[in-house]
Amino acid sequence: MASIFSKIVAGEIPCYKVAEDERHMAFLDINPMAPGHTLVIPKQEIDYLFDMSDEDYLALELFAKRVAKALKAAMPCARVAEAVLGMEVPHAHIHLVPIQTEADMNFRNKLSLPGDDMASIAARIAAEMK
Ligand code: 5GP
């Protein structure tokens, strides 16, 4: 069965898209731990990030780096933090989270922002993509 993220890639489930290229996609986490929390995924479904080939893994990280720079420009923050868990969705993904302090990187924080806010945050990040 296709993962929920494959359904997002296929357009079967909506998302607040931030960026996309041929092989990768970035969209806002539905329950962000901070506004701007973004997930970066390979379009091709694979469960575990560290099972990816070196080439695919490096390409994903390079794409995530571009997204992280756009995120930092769009959402004022001290750092963009990166994390890999994969405990909930079995489709490799990188979490990018704008943080002011270490305490902001808290996976127990699950915000639910209004759709208009999510849409405008995604548009702001997308506008900074180079
Ligand atoms: P993990 O698998 O790394 O533990 O966490 C998966 C993340 O995906 C969670 O932060 C969760 O909020 C997010 N998530 C789960 N389902 C969806 C969804 O349908 N759309 C989006 N945009 N994010 C989701």
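Above: the structure in question.
Residues numbered from 1 in each chain as written. Predicted model: local features only at pLDDT ≥ 70, side-chain atom pairs only at ≥ 80, totals over all residues. Heavy atoms only, no water.

Let's talk about the nonpolar core
Counting 24 residues, the largest nonpolar core has V18, V40, V67, L96 and I125 as the members making the most contacts within it. Only β1 (17–20), β2 (24–28), α2 (54–74), β5 (94–99) and α3 (115–127) provide two or more residues apiece to this core. The element contributing the most residues to this core is α2, with 8 residues. In this structure, V40 is in contact with M25, A26, L60, F63, A64, V67, A92, H93, I94 and L96, ignoring residues within four places of it in sequence. Grouped together as the second largest cluster of nonpolar side chains are 7 residues, F5, M25, L39 and I41 included. (Core = buried A, V, L, I, M, F, W, Y, C linked by side-chain atoms within 4.5 Å. Buried < 20%, exposed > 50% of the residue type's maximum accessible area, 1.4 Å probe, protein only. Helix = DSSP H or I, 4+ residues; strand = E, 2+ residues; numbered from the N terminus. Contact = heavy atoms within 4.5 Å.)

Focus on the site of the ligand
Not every one of the 16 residues close to the ligand is listed here, only the nearest: L28, D29, E88, H93 and H95. One nitrogen or oxygen atom from the side chain of D29 is found 2.5 Å from an oxygen atom belonging to the ligand. In this structure, an oxygen atom belonging to the ligand sits 2.9 Å away from a main-chain N or O atom of E88. Considered on its own, the ligand offers 520 Å² of accessible surface; in the complex 90% of this is hidden by protein. The set of elements that each furnish at least two residues to the shell around the ligand consists of α1 (4–9) and β2. With 3 residues, α1 is the single largest residue contributor to the shell around the ligand. (Near = heavy atom within 4 Å. Polar contact = N/O pair within 3.5 Å; in protein donor to acceptor, adjacent residues only side chain to side chain. Areas by Shrake-Rupley, 256 points an atom, 1.4 Å probe, with all protein chains shown as cover.)

Side note on the pairing of strand β3 (residues 38–42)
With 5 of 5 residues buried, β3 lies mostly within the body of the structure. Alternating residues of β3 divide into T38, V40 and P42 and L39 and I41, and every residue in both groups is buried. Pairing analysis gives 5 bridges linking β2 to β3, with the strands arranged antiparallel. Opposite L28, over in β3, you have T38 as the bridge partner. Pairing between β3 and β5: 3 bridges, direction antiparallel. What sits directly across from T38, in β5, is L96. (Pairing = 2+ DSSP bridges.)

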